[in-house]
Amino acid sequence: MPERIELTIFWCPKHGSMSFYTMYRSEIEDILMNYHFDQALLFTFIDIDIIKEWIWDVFCREPERIIIDTIKY
């Protein structure tokens, strides 16, 4: 399982609003347990739409686009 996943989040294309965010192991485990997964396996794939849903739930804002910059194991 990754130690961290670094993201670039684009909020509003009109204003060019963006944020950089790092998801750490505890947050990754939270996604795996609470968003349509029963178990975190070595080869589990998290769809970008699930990461987008998690960001929406955490920040109470819908991201326009997400780019995964780095995955650190």
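Residues numbered from 1 in each chain as written. Predicted model: local features only at pLDDT ≥ 70, side-chain atom pairs only at ≥ 80, totals over all residues. Heavy atoms only, no water.

**What about the pattern of salt bridges?**
So, point 1. The final tally for this structure, using the stated rule, is two salt bridges.
So, point 2. As a salt-bridge pair, Arg 25 and Glu 3 come within 2.5 Å of each other at their nearest N and O atoms. Of the two residues, Arg 25 sits in helix 1 (residues 25-34) while Glu 3 sits in the segment before strand 1 (4-12), which places them 22 residues apart along the sequence.
So, point 3. Arg 4 is the partner of Glu 6 in a salt bridge, and the nearest nitrogen-oxygen pair spans 3.0 Å. (Salt bridge = Lys/Arg side-chain N within 4 Å of Asp/Glu carboxyl O. Helix = DSSP H or I, 4+ residues; strand = E, 2+ residues; numbered from the N terminus.)

**A word on the sheet that holds strand 3 (residues 65-72)**
So, point 1. Ordered by their spatial adjacency, three strands build an open sheet running 2-1-3, and the pairing between neighbours is antiparallel. If you trace the sheet from one side to the other, it starts and ends with strand 2 (17-24) and strand 3, each paired once. Going from strand to strand, the sheet's axes swing by 20 degrees on average, the running direction of each strand aside.
So, point 2. Bridge count between strand 1 and strand 3: seven bridges; the pairing is antiparallel. Each residue of the ladder has a partner; that of Arg 4, found in strand 3, is Lys 72.
So, point 3. Relative to the sheet, helix 1 contacts strand 1 and strand 2, its axis offset from that of strand 2 by approximately 90 degrees. (Pairing = 2+ DSSP bridges. Axes fitted to C-alpha atoms, helices over the stretch in contact; angles between N-to-C directions. Contact = heavy atoms within 4.5 Å.)

**Describing helix 2 (residues 48-59)**
So, point 1. Across its twelve residues, helix 2 extends 16 Å between first and last C-alpha, which sits within 8% of the 16 Å expected from 1.5 Å per residue.
So, point 2. Burial in helix 2 covers these residues: Ile 50, Ile 51, Trp 54 and Ile 55. Buried residues of helix 2 fall within an arc of 140 degrees about the axis and therefore sit on the same side.
So, point 3. Residues of helix 2 that are buried sit in contact with strand 1, strand 2, helix 1 and strand 3. (Expected span 1.5 Å × (residues − 1). Buried < 20%, exposed > 50% of the residue type's maximum accessible area, 1.4 Å probe, protein only. Arc of directions from axis to C-beta.)

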